[in-house]
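# Commentary on secondary and tertiary structure
The lines below spell out each chain.
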Amino acid sequence: MKTRLSLRQARRTALAAQGLARERPTGLVNSRQVGRTFDKLALLQIDSVNVLTRSHYLPLFSRLGPYDQTLLDRMGTRRPRRMVEYWAHEASFVRPGLFADLRAVQRRTWMTAGSLPPELAEDLRHRILGLLSGAGRPLTSRQVMGLLGHSTARDTSDWGWNWNAAKRVLEDLFAAGLIGSAGRTPQFERLYAPTAAIHPAGAAALEPSDPEQAVLRLTEAAARAHGISTVRGLADYFRLQLGETAAAAEVLAGKGILQPVEVAGWRQPAYLHAEATVPRTVSGQALLSPFDSLIFERRRVEELFGFHYRIEIYTPLQARRYGYYVLPFLLGEELVARVDLKADRAAGMLLVQAAYSEPGAPPHTARQLAAELRLMAQWLGLGQIMVKPAGDLAPALKLAVCRE
């Protein structure tokens, strides 16, 4: 007989695995706490949208509260790096130990050099690798193009030596793991360098992983970060294929690393990691980035919390339901509200563009959310909070903000 968990038990297990089950630590957050939290999550998704702050900074705030963002920056830019950039759940910062396995399962097909004439692609690869190896410093794509003598024109009528061709080769080299990112500029451009020069393992990082073993290790890492999940959730964490993830989960179950379980109300079977904990109560609260690893897999979010969530960044304005950059609000073990936020840096103001409560949200939701917004504004160096009138929660939230 499979172990059967209630939905609330599954929910608390997931929150504990993601570091969201307890109240945040008090006092100054140090580099050890930042490192431990990153290690627990295994990755931080990167996104270029900066309407609030860069997305990879938010999961640490959700779990630790106000912290010095340079602590995270140093983990990816100073030796020995504790995180490296690569394709995982989209572009992500990942633990260096996962790099070789992610490289073994890399299947990106867009923005590649596959459509270029082979002789041109090979010539560009040779030139770019030689340039980065001999430069003595990391380079942005624009700097690479300039040193190669390329035009920045995007004309594709003749591949020639144009920007588009060279940019595709750069992306190919990054996807192949031969070059990596030594950091990002203030404009969020990658600083490219040979992987062997920036990975903590040096040239050994480029030694190939066995793809089958790579899937096993990545599935186990996803299961550890999830605590409890269906195969779909496990596969989505590192963008693995469903079939290979299902097979890996069975192997891991046979070794006692995963335990097949049933969750009340779930249609699909689930797996519980052997080291997962099922807290009797949870007491955390957090605003969650649209790219937070707790809510990567939208079907899992609905199964765990009964919360329908979609990112509306690319939805036309008139078709948006909740807003442009909407953060779910976790209170205890429930997602009770969502807010569309924007940092008006020139005015020193955190703007709440809209605020909506979920059915059954407790009466103190506005008060707790106001406290969370004040904490975020402090962290972002914004002196004021303005709540606009959009959304059913906005009036109560504005009142709660003004009371302080």
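The name given to the protein chain in an unreviewed UniProt entry is Winged helix-turn-helix domain-containing protein, with Arthrobacter yangruifuii as the source organism.

## Quick look at the sheet that holds strand β13 (residues 349-357)
An order of β10-β11-β12-β13-β14 is seen for the five strands of this open sheet, with the pairing classed as mixed. Looking at which strands have only one partner, the edges of the open sheet turn out to be β10 (285-287) and β14 (384-387). Across the sheet, the axes of successive neighbouring strands diverge by a mean angle of 25°, strand direction being ignored. Here three bridges tie β10 to strand β11 (residues 326-331), and the two strands are oriented antiparallel to one another. Pairing of Leu287 across the sheet is with Phe329, part of β11.

## Details of the environment of Leu382
Looking at where Leu382 falls in the secondary structure, it is placed in the loop between α14 (365-379) and β14. Given a relative accessible area of 9%, Leu382 falls into the buried group. When residues no more than four places from it in sequence are discounted, the contact partners of Leu382 are Ala343, Asp344, Arg345, Gly348, Met349, Leu350 and Ala377.

## Thoughts on the side chain of Ser92
When you line up the elements, Ser92 lands in strand β4 (residues 90-94). Given the relative accessible area of 0%, Ser92 is considered buried. Within polar-contact distance, the side chain of Ser92 engages the backbone oxygen of His89 at 3.2 Å. A distance of 3.0 Å separates a polar side-chain atom of Ser92 from the backbone oxygen of Glu90.

## Examining the nonpolar core
Leu52, Phe238 and Leu397 are the most contacted members of the largest nonpolar core, which has 105 residues in total. For this core, the leading source of residues is helix α10 (residues 211-226), giving eight residues. Setting aside residues up to four positions removed in sequence, Leu397 forms contacts with Val339, Val352, Ala355, Ala366, Leu369, Ala370, Leu373 and Val387. Formed by 29 residues, the second largest nonpolar core is a distinct cluster that contains Leu5, Ala16, Leu20 and Leu294.

Calculation rules
Residues numbered from 1 in each chain as written. Predicted model: local features only at pLDDT ≥ 70, side-chain atom pairs only at ≥ 80, totals over all residues. Heavy atoms only, no water. Pairing = 2+ DSSP bridges. Helix = DSSP H or I, 4+ residues; strand = E, 2+ residues; numbered from the N terminus. Axes fitted to C-alpha atoms, helices over the stretch in contact; angles between N-to-C directions. Buried < 20%, exposed > 50% of the residue type's maximum accessible area, 1.4 Å probe, protein only. Contact = heavy atoms within 4.5 Å. Polar contact = N/O pair within 3.5 Å; in protein donor to acceptor, adjacent residues only side chain to side chain. Core = buried A, V, L, I, M, F, W, Y, C linked by side-chain atoms within 4.5 Å.

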